[in-house]
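Residue-level structure breakdown
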Amino acid sequence: MCYSAQVEAAYKKLGRRYRATVDFDEFVNLYLYHPTGSRPLTPRALDLSFSASDGGPAAVIAESVEQWDKLELHQLEELVFAQRTRLVNAERSLQTKVTKKAQNDVRIASNKIERALAKLSRLKSDKLQPSDSRIFPGSYAPVITGHGQDRIIRPMRYQCRLAGKPASHDVRFPGTYNARRDSLERYWSNTFGHNHAILIVNKFYEHVARHALEQRELAPDEKEESVILEFTPEPAQEMIIACLWSEWKGPEGRLLSFAAITDEPPPEVAAAGHDRCIVQIKPENIDAWLNPDHRNLASCYEILDDRPRPYYEHRLAA
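All of these numbers come straight from a predicted model, not from anything done at the bench.

Our focus in this paragraph is the state of the cysteines. Counted under the stated rule, the structure contains 0 disulfides. In this structure cysteine 243 is not part of a disulfide, and its nearest cysteine sulfur, from cysteine 2, lies 9.3 Å away. Using a relative accessible area of 0% as the deciding quantity, one classes cysteine 243 as buried.

Written as structure tokens, this is what we have:
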């Protein structure tokens, strides 16, 4: 399962490199500011790719990003103040009597302050870090879909909710951010051969068991420990990842979402302790993938089989 990936999030770069136009209406709707609403989960690199100086829809989106930033800054500052008060009170209490509650308050408050300050620093900075391009299940990413000869960039959630399914499927089936190749004609049958997309990825991340990474059995009484590995293709390249997408409508509104297709891992990924890997396609197969013929699924499988084969180097993620 590809639980996280570092993607190409800047819409202008995507447009230039992959001859794609931007569906600005979808981005405007996603970023639309509501003072009492929830901010969309988007990579910071995507947020900052929209500039007021560009005018038009990009300026509208940039204004929404600024409004969301102001709201989040205010919420984080309030959180830091509340947790610092909690920390001071707990430390004062510990000076007179050591209690488990006070110790927990010190630990929890300190952790929350540290995380909030990190988020504040990120929001106040215009300098992007590699982590600002990472997506996780539930967050949005710019994906490319096809419409005849046209390629279109749309924002979609990384966890696919198929049309006709209840919204509760998101909780009941949390792993639907990936589509297993061996289930494409079962669970994904209404999407495979119909709604295809691509996601541009530079690195991907996986949870693996430490003992599997170290290629050994668990020691007696040893508890399984999960670590996160970062996989990078060698030679370095942008990975064009095969995806499926769906447009969902229900009482809660409308949702565009996608899943990345996974298959059996190459030897070096399996040796690192993981049993799946996202599927790359070749640049020359993009248009055929984005415009599938549902009456000829064999051609879709041929594209998935005709994949680039870099070597995926791995290291422990920071």
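A full pass over the atoms with the stated rule returns 12 aromatic pairs. Between tyrosine 33 and tryptophan 68, the aromatic rings sit 4.9 Å apart at their centres with planes inclined by 75°, giving edge-to-face as the arrangement. On the criterion of sequence distance, the pair formed by tyrosine 33 in the loop between α2 (24–31) and α3 (44–47) and tryptophan 68 in helix α4 (residues 56–96) is long-range, its members being 35 residues apart. The exposure class of tyrosine 33 is partly exposed, given its relative accessible area of 22%.

Inspection of the entire model under this criterion finds 34 salt bridges. For the salt bridge of glutamate 238 with arginine 17, the shortest nitrogen-to-oxygen distance reads 2.1 Å. Of this pair, glutamate 238 sits in the loop between β8 (226–234) and β9 (239–250) while arginine 17 sits in helix α1 (residues 11–18), and the two are 221 residues apart along the sequence. Relative accessible area serves as the criterion here: at 46%, arginine 17 is assigned to the partly exposed category. Between arginine 44 and aspartate 69 there is a salt bridge whose closest N-O contact spans 2.9 Å. With a gap of 25 residues between them, arginine 44 in helix α3 and aspartate 69 in helix α4 connect regions that are remote in the sequence. Take aspartate 69: its relative accessible area is 11%, and that puts it in the buried class. Through salt bridges with shared partners, a single network forms among Arg39, Arg44, Asp47, Asp69 and Glu72.

Turning next to unusual backbone geometry. Cis geometry is found at the peptide bond from glutamate 234 to proline 235, where omega equals 5°. Inspection of the secondary structure assignment puts proline 235 in the loop between β8 and β9. Although it is not a glycine, arginine 19 adopts a positive phi angle of roughly 50°. Mapped onto the elements of the fold, arginine 19 is located in the loop between α1 and β2 (20–22).

For the rest of this paragraph, the subject is the packing of α2 against α4. At a minimum axis distance of 9 Å, the contact between α2 and α4 shows a crossing angle of 15°. Viewed along their axes, α2 and α4 adopt a mutual orientation that is roughly parallel. Read as a crossing pair, α2 and α4 show a hand that is left-handed. Of the residues in α4, those touching α2 at Phe24, Phe27, Val28 and Tyr31 are Pro57, Ala58, Val60, Ile61, Ser64, Val65 and Trp68.

So, on to the UniProt feature "coiled-coil region" (unreviewed entry) in the chain. UniProt records the feature "coiled-coil region" (unreviewed entry) for residues 99–126 in the present numbering. Taken as a whole, residues 99–126 contains 89% helix and 0% strand, while its terminal C-alpha atoms sit 43 Å from one another.

We now examine the environment of alanine 288. Secondary-structure assignment places alanine 288 in helix α9 (residues 286–290). Among the residues examined, alanine 288 registers a relative accessible area of 44% and is labelled partly exposed. Along the backbone, alanine 288 and isoleucine 303 are 15 residues apart, and their C-alpha atoms lie at a distance of 8.2 Å.

Let us now look at the nonpolar core. Grouped together as the largest cluster of nonpolar side chains are 74 residues, with contacts concentrated most on Leu199, Phe258 and Trp289. Ignoring sequence-local partners within four residues, the contact set of leucine 199 consists of Val7, Ile135, Ala141, Pro142, Val143, Met239, Ile240, Ile241, Cys243 and Phe258. Leu73, Leu76, Ala116 and Leu120 belong to the second-largest nonpolar core, a separate cluster that totals 6 residues.

Rules used in this analysis
Residues numbered from 1 in each chain as written. Predicted model: local features only at pLDDT ≥ 70, side-chain atom pairs only at ≥ 80, totals over all residues. Heavy atoms only, no water. Disulfide = S-S within 2.5 Å. Buried < 20%, exposed > 50% of the residue type's maximum accessible area, 1.4 Å probe, protein only. Phe/Tyr/Trp six-rings, centres within 6.5 Å; stacked < 30°, edge-to-face > 60°. Helix = DSSP H or I, 4+ residues; strand = E, 2+ residues; numbered from the N terminus. Salt bridge = Lys/Arg side-chain N within 4 Å of Asp/Glu carboxyl O. Axes fitted to C-alpha atoms, helices over the stretch in contact; angles between N-to-C directions. Parallel < 35°, antiparallel > 145°, perpendicular 65-115°, else oblique. Left-handed = near helix turned anticlockwise from the far one by under 90°. Contact = heavy atoms within 4.5 Å. UniProt positions renumbered as here; feature names shortened; annotations may be inferred. Core = buried A, V, L, I, M, F, W, Y, C linked by side-chain atoms within 4.5 Å.

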